[in-house]
Amino acid sequence: MRRDRRRSLYDATCRDRRRRLHDATLSSVLFFLGVLLNFFALALCAPAFAQTAAGTFSTVSGQVQIQRAGVTIGAASGVGVNVGDRIVTGASGHAIITLNDQSRLEIGAVSSIALDQFTLTGGAPSTRVSLFSGVLRSIVNAGTGGAANYEVHTPNAIAGVRGTKFDTAYTESVIRPGYQGCDRYTDVSVYQGTVHLAPIASPTAGEDVGAGYEATLPCDRPPTAPGPLAMTGAVSFDSAAAGGHGLFAAAMPGANGAPAPVSPVAPVVAVTGSGGPPPPPPPPPPGAPPL
């Protein structure tokens, strides 16, 4: 009897020791696996973290906010900009972002953009910016050792760059004269180089807009033919800054671009020789009786 009790006690003690040893071994293995998985996760994510920095705010005035990973922070000069950031400006907001390739993004008031892509491969940058509302001026640095691949996407258009300086504006919920049934517009104003303006559904189609011209892409329709700057009513950075805030100012945009500007001053023709008519007399001084 006593021997059986000792045997039972011994067996119970052995089972308890084996169970504790098994639990300790399992915990150690799980801990080691957790550390190993975290190490590999960090190793895989490290290149992505290293590539997120895209530029820096060089100028900030008024209300400018950064929306990053679900958190909203205030922008200020010297604050970094990452790929994936969304920048929103208020009624008096204005900001300039200098990218790492020295290209510049100038954001007007009441505007919203997102930096979707920025990479530097072999000296040739690749940049994609989304413009959700408002106006954006892009000054693309063409001296980085390769052709710049730079695009501005709006909800209805793509502005692909083969130039260096241009404005992109996007407005909606306003029906412009001549565009019945359409309330979404992308305007492009080109100052240097060429910009290809195309519907977002047909990026290879569209219209080339050269320096000194502007064009509008309404809804999902083809863009208008380019017209001279400030003559077709397209929204630009300067017109928005002057108080338009994306409101169309012209009476009728038309489909063939605006006519060439007409000089308001009549040309002066010099008359030489004795056979010409005499010059008109000078006007009388103020207060003198009429001749």
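Residues numbered from 1 in each chain as written. Predicted model: local features only at pLDDT ≥ 70, side-chain atom pairs only at ≥ 80, totals over all residues. Heavy atoms only, no water.

**Q** Residues and numbers for the packing of aromatic side chains, please.
**A** Tallying each qualifying case throughout the model produces two aromatic pairs. Ring geometry for Tyr150 and Phe166: centres 6.2 Å apart, planes at 85°, overall edge-to-face. Here Phe166 lies in strand 11 (residues 157–172) and Tyr150 lies in strand 10 (residues 149–153), a separation of 16 residues in the sequence. Exposure remark for Tyr150: the relative accessible area of 3% places this residue in the buried category. With 5.6 Å between their ring centres and 55° between their planes, Tyr179 and Tyr185 make a pair best called tilted. We note that Tyr179, like Tyr185, is buried. When the ring centre of Phe132 is taken as reference, the NZ or CZ atom of Arg86 above it lies at 3.9 Å. Here the guanidinium or amino end of Lys165 rests over the ring plane of Tyr191, the centre of that ring lying 5.7 Å away. (Phe/Tyr/Trp six-rings, centres within 6.5 Å; stacked < 30°, edge-to-face > 60°. Helix = DSSP H or I, 4+ residues; strand = E, 2+ residues; numbered from the N terminus. Buried < 20%, exposed > 50% of the residue type's maximum accessible area, 1.4 Å probe, protein only. Lys NZ or Arg CZ within 6 Å of the ring centre and 35° of its normal.)

**Q** With reference to specific residues and values, describe the state of the cysteines.
**A** Here the structure, examined in full by the defined rule, presents one disulfide. A sulfur-sulfur separation of 2.1 Å characterises the disulfide bridge that pairs Cys182 with Cys219. Every disulfide takes its handedness from the sign of the S-S torsion; for Cys182 and Cys219 that torsion is 120°, giving right-handed. Of this pair, Cys182 sits in the loop between strand 11 and strand 12 (184–199) while Cys219 sits in the loop between strand 14 (213–218) and strand 15 (227–228), and the two are 37 residues apart along the sequence. (Disulfide = S-S within 2.5 Å.)

**Q** Just give me the short version of the pattern of salt bridges, but keep the residues and values in it.
**A** With the rule as written, the count across this model stands at six salt bridges. Two residues, Arg137 and Asp167, come together in a salt bridge whose shortest N-O distance is 2.7 Å. A residue pair is termed long-range when its members are at least 10 positions apart, and Arg137 in strand 9 (residues 124–139) and Asp167 in strand 11 qualify at 30 residues. In terms of burial, Arg137 and Asp167 fall into one category: buried. Between Arg176 and Asp187 there is a salt bridge, with the nearest N and O atoms lying 2.8 Å from each other. With Arg176 in the loop between strand 11 and strand 12 and Asp187 in strand 12, this residue pair connects regions lying eleven residues apart in the sequence. (Salt bridge = Lys/Arg side-chain N within 4 Å of Asp/Glu carboxyl O.)

**Q** So what's going on with the confidence of the model for the protein? Which residues, and what values?
**A** For residues with low pLDDT, the predicted coordinates do not support detailed interpretation. For the protein, mean pLDDT is 78; residues scoring 70 or higher make up 64% of the total. Averaged pLDDT values for the elements of the protein fall to 57 in helix 1 (residues 2–50) and rise to 98 in strand 5 (residues 86–89). Contacts from residues 38–51, a stretch scored under 50 in pLDDT, to residues over four places away or in other chains number one contact. Confidence drops under a pLDDT of 50 for residues 245–275, and excluding neighbours within four residues, the segment shows 45 contacts in the predicted structure. (pLDDT = per-residue confidence, 0-100. Contact = heavy atoms within 4.5 Å.)

**Q** Please give an account of the side chain of His153 that cites residues and values.
**A** Along the polypeptide, His153 turns up in strand 10. In terms of polar contacts, His153 uses its side chain to reach the side chain of Glu151, at 2.8 Å. Discounting residues that sit within four places of it in the chain, His153 has contacts with Arg128, Val129, Ser130, Leu131 and Ile158. (Polar contact = N/O pair within 3.5 Å; in protein donor to acceptor, adjacent residues only side chain to side chain.)

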